[in-house]
Amino acid sequence: MEDLPGIVITGASGRMGQMLIKTVVDSDKARLVGVVERAGHDWVGRDVGEAMGGAALGVTVTDQPLDAFAKAQAVIDFTAPAATIEFAKLAAQARAVHVIGTTGMTNEDIAKLDPCARHAVIVRAGNMSLGVNLLTVLTRKVAEALDEDFDIEIIEAHHHHKVDAPSGTALMLGEAAAEGRGVKLADVADRGRDGITGARKRGDIGFTAIRGGDIVGEHDVLFAAAGERIVLRHLATDRSIFARGALKAALWGQDKKPGQYDMLDVLGL
Ligand SMILES: NC(=O)C1=CN([C@@H]2O[C@H](COP(=O)(O)OP(=O)(O)OC[C@H]3O[C@@H](n4cnc5c(N)ncnc54)[C@H](OP(=O)(O)O)[C@@H]3O)[C@@H](O)[C@H]2O)C=CC1
Ligand SMILES: O=C(O)C1=N[C@H](C(=O)O)C[C@H](O)C1
């Protein structure tokens, strides 16, 4: 047991934080060595199992991330952009693999990970599930095969708590479609339509975000032409798919050189 890679989970009380804790505790390939919450959170100082409403797990929630990271081989982080940038610096200091599931990061945020990746492995993906990563491969292939007579639209739906749009997954799918077309997503993305928008521009990749109820995460990539449509779809019904992918990434990263990786690297897709 002592030999198994030690994992720290940040954002412990969050939807993904709690799912990640359960996933690591249930795994026979890793052990939970720390959980982090922000200073002032009422979970800090409590046993995390009890804080989650179950049996004690023997791991106390801390607001001191560096102390926790120093005892770990990997940090799994599904929080918010500002927190993730700080955690990246600390994970690099501790030489721990940093698995980043946080979405809504700007290009400026992402650039701040570069110096950290000189010292530690970072695996970052807007979606850690096998299904979505396979869908990005399919999206790239379909976009490659079709010309601009097919309009590409990405439609995503999530629960009403989600704070960022388009989703990280939608942007991954947009990047894959743009790559297939041989264009830059930034040049063709149409991210917000309202009012008299004018006709759709040929070659654009459009995004629509639906927010409601407890939807875990749904993504359609629509290729629409005159007389026919192709729809590639992924439906997530359980957050465990993301947590299992994140744990796989944390284990995969153990023997890799410092640098930035994604789930396609982890899954070999
Ligand atoms: N890549 C993937 O496969 C997936 C990615 N996600 C992404 O993961 C992220 C989290 O999602 P979810 O769990 O639903 O969100 P929640 O809001 O449920 O949880 C977020 C957690 O992060 C903590 N947090 C936020 N800001 C800070 C900060 N500045 N410092 C320290 N802790 C902070 C929150 O603490 P507090 O409550 O105190 O604010 C909370 O514990 C989102 O970006 C989401 O899009 C989600 C699912 C899959
Ligand atoms: O916030 C969520 O819940 C999810 N976020 C990720 C995203 O932004 O794509 C992944 C998944 O769809 C759930």
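The rules behind the values
- Residues numbered from 1 in each chain as written.
- Chains lettered and ligands numbered in written order.
- Predicted model: local features only at pLDDT ≥ 70, side-chain atom pairs only at ≥ 80, totals over all residues.
- Heavy atoms only, no water.
- UniProt positions renumbered as here; feature names shortened; annotations may be inferred.
- Near = heavy atom within 4 Å.
- Polar contact = N/O pair within 3.5 Å; in protein donor to acceptor, adjacent residues only side chain to side chain.
- Areas by Shrake-Rupley, 256 points an atom, 1.4 Å probe, with all protein chains shown as cover.
- Nonpolar A, V, L, I, M, F, W, Y, C, P; charged D, E, K, R; others polar.
- Pairing = 2+ DSSP bridges.
- Helix = DSSP H or I, 4+ residues; strand = E, 2+ residues; numbered from the N terminus.
- Domains from an automatic or database assignment.
- Contact = heavy atoms within 4.5 Å.
- Buried area = accessible area lost by both parts, 1.4 Å probe.
- Salt bridge = Lys/Arg side-chain N within 4 Å of Asp/Glu carboxyl O.

Named according to an unreviewed UniProt entry, the protein is 4-hydroxy-tetrahydrodipicolinate reductase originating from Shimia aestuarii. If you open the UniProt record of the protein and go to Pathway (unreviewed entry), you find "Amino-acid biosynthesis; L-lysine biosynthesis via DAP pathway; (S)-tetrahydrodipicolinate from L-aspartate: step 4/4." Per UniProt, the protein has the following entry under Subunit (unreviewed entry): "Homotetramer."

### Examining the site of ligand 1
Around ligand 1 sit 22 residues in total, of which Arg 15, Met 16, Glu 37, Arg 38 and Thr 103 are the nearest. Residue Ala 125 places a main-chain N or O atom 3.0 Å away from a nitrogen atom belonging to ligand 1. In isolation ligand 1 exposes 930 Å². Once the protein is present, 77% of that is buried. Class assignment of the residues belonging to the shell around ligand 1 gives a composition of seven nonpolar, ten polar and five charged.

### As for the sheet that holds strand 9 (residues 205-211)
In spatial order, the strands read 8-9-7-10-11; together these five strands make up an open sheet with mixed pairing. Lying at the two open borders of the sheet, with one neighbouring strand each, are strand 8 (189-190) and strand 11 (228-236). Looking at chain direction, strand 7 (residues 151-158) and strand 9 are connected through seven bridges and run parallel. Directly across from Ile 152, in strand 9, lies its bridge partner Ile 205.

### Topic: the domain arrangement of the protein
A common measure of how large an interface is: the accessible area buried when the components associate. Each assigned domain of the protein is listed with its residue range as follows: domain 1 (6-128 + 239-267) and domain 2 (130-236). Between the C-alpha centres of domain 1 and domain 2 there is a distance of 28 Å. Domain 1 puts 13 residues into the contact, and the matching count from domain 2 is 15 residues. Taken over both partners, the interface formed by domain 1 and domain 2 buries close to 1100 Å², and the fraction arising from carbon and sulfur atoms is 59%. Where domain 1 packs against domain 2, one counts zero salt bridges.

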